[in-house]
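Structural features, examined
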Amino acid sequence: MVNEGDAADVLVVGCGIIGASIAWQLACHGLRVRCVDPAPGSGATYAAAGMLAAVTETTFGEHHLMRLNVRSAALWPGFAAELEAETGRSPGLRRTGTLTVAFDGGDRQQLNRLRDLQHQWGLDAQTITPDEARRKEPSLGPRIAGAVWAPGDHQVNPRAVQKGLLAALSTRGVDIVHRRVVRLMTDNQHDDADAGTVTGVVDDSGQAHHGGLVVLAAGWNSRQLIPTAGFLPHAGRVQPEPPAPATRPVKGQVVRLDSSNEPAFRLTRVVRGFVQARQVYLVPRDDGEIIIGATSEEQPDDRVVTAGGVFSLLRDARALVPGIDELPITELTARARPGSPDNVPLIGESGVDGLILATGHYRNGILLAPLTAGAVTSRVLEGTFPDSVAAANPSRFTHTHDHEHSAV
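Below is a short write-up of the structure. (Residues numbered from 1 in each chain as written. Predicted model: local features only at pLDDT ≥ 70, side-chain atom pairs only at ≥ 80, totals over all residues. Heavy atoms only, no water.)

**Considering the overall build of the protein chain**
For the protein chain, the helix and strand inventory stands at eight helices and 18 strands. Considering only residue pairs separated by 6 or more positions, the protein chain has 75% of its internal contacts joining residues 24 or more positions apart. Accessible surface, the protein chain as shown: approximately 16,600 Å² in total, 48% of it carbon and sulfur. (Helix = DSSP H or I, 4+ residues; strand = E, 2+ residues; numbered from the N terminus. Contact = heavy atoms within 4.5 Å. Areas by Shrake-Rupley, 256 points an atom, 1.4 Å probe, with all protein chains shown as cover.)

See the structure below:
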């Protein structure tokens, strides 16, 4: 256990699924780790449905992100097994595959365009008939115009994963400080991050926490701490200072239903769909819970659930799976995802010594947790980030960085 007055080998700012996964992997290698987070796992992790959707999350203009997602999806079975072996807690990994369905003819055209893109990028997405889709998922409604089957897109339970990670951190002696980080500390006289090396953080009680390295994994709140001069050129290189990339909140609303007491209703697979060009998903759990989401609103993290948001989700979900009408609502949740300027996360050097970034995962924080944790662990142990996350290098936002890097 690291005492507050002691320096940790690594300070992790943020203890949602990204920060907690990083801390766990580092602790597994014997490093002294401390996490600072006022409410671990209460942000985007808490609202997430947990789709491991490397194929069905694919969209135009996000080739680099797709490759990151595919790599991380391949890591999830081992990551889940290791976590369950250490804690005895199941992370809820379910290998069910994912159905994406179209409600009408226009939606079918949109789905077919997406399928063509998936095929172009070498992904396993199979066109099936509506009847074949109903055989896989009998709960689908009568008005289905088309379907695509992604057998490799599965799911986990993010809340179960988070509980497992916190248990693992406790077992490994990782100190979790339930405070909000308000600023970075550096070794220069101005005590900010405009120059010098980051040596720790200060929390909202005024307590200083020192570390050999600081990992910023605070979701959309990372924008408050990313240094404004975080991408200044190193000494001896003269070039204009580019703007530092910033995370942004993208609000999503989620509805949770309970089907456990409705034996006539059964949903077994993840169902995604287009309903008059709007996207919706339904994710079933083993215990009968069904998660419906999610809106995407460029709004602050006010955590307010709106009538319009809930209406739109239920309207579109019942168009695909009419049987949800009789199910009780158990929870309404609103949280903000951490978006980046190009929707690709920020995983890499910040440009300021002593500070690395692991944030901005937007829609794919759950999916990308194993890849991010492994990349940060490689950086800490070996001194460099692996090529597997080159597409997420924050330096892509500098004027001189080559956007067509090799990680494709």
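**Quick notes on the packing of helix α1 (residues 17-28) against helix α8 (residues 369-382)**
Two quantities define a packed helix pair, namely the angle between the helix axes and the distance between the axes. Where α1 contacts α8, the two axes come as close as 8 Å, and the packing angle between them is 45°. Between α1 and α8, the angle is such that the two are oblique. In this structure, α1 meets α8 at a crossing whose hand is right-handed. Within the contact between the two elements, α1 uses Ile-17, Ile-18, Ser-21, Ile-22, Gln-25 and Leu-26 and α8 uses Ala-369, Thr-372, Ala-373, Val-376, Thr-377 and Val-380. Of the residues that constitute the contact of α1 with α8, the class distribution is eight nonpolar, four polar and no charged. (Axes fitted to C-alpha atoms, helices over the stretch in contact; angles between N-to-C directions. Parallel < 35°, antiparallel > 145°, perpendicular 65-115°, else oblique. Left-handed = near helix turned anticlockwise from the far one by under 90°. Nonpolar A, V, L, I, M, F, W, Y, C, P; charged D, E, K, R; others polar.)

**Quick notes on empty space enclosed by the protein**
According to the stated counting rule, one finds one cavity of 30 Å³ or more in the structure shown. Taken as a whole, the largest cavity encloses approximately 30 Å³ of empty space. Every residue lining the largest cavity is listed: Glu-57, Thr-58, Thr-59, Glu-62, Leu-65, Met-66 and Asn-69. Residue composition of the lining of the largest cavity, by class: two nonpolar, three polar and two charged. (1 Å grid on protein atoms, 1.4 Å probe; cavity = no way out; pocket = protein on both sides within 12 Å on 5 of 7 lines; lining within 4 Å. Points joined across faces, edges and corners; volume = space filled by probe spheres on them.)

**Some details on the packing of helix α3 (residues 63-87) against α8**
As a packed pair, α3 and α8 sit with axes 7 Å apart at the nearest point and diverge in direction by 90°. In terms of orientation, α3 and α8 fall into the roughly perpendicular class. Two secondary-structure elements touch here, α3 through Leu-68, Arg-71, Ser-72, Leu-75, Trp-76 and Phe-79 and α8 through Ala-369, Pro-370 and Leu-371. Counted by class, the contact of α3 with α8 contains seven nonpolar, one polar and one charged residues.

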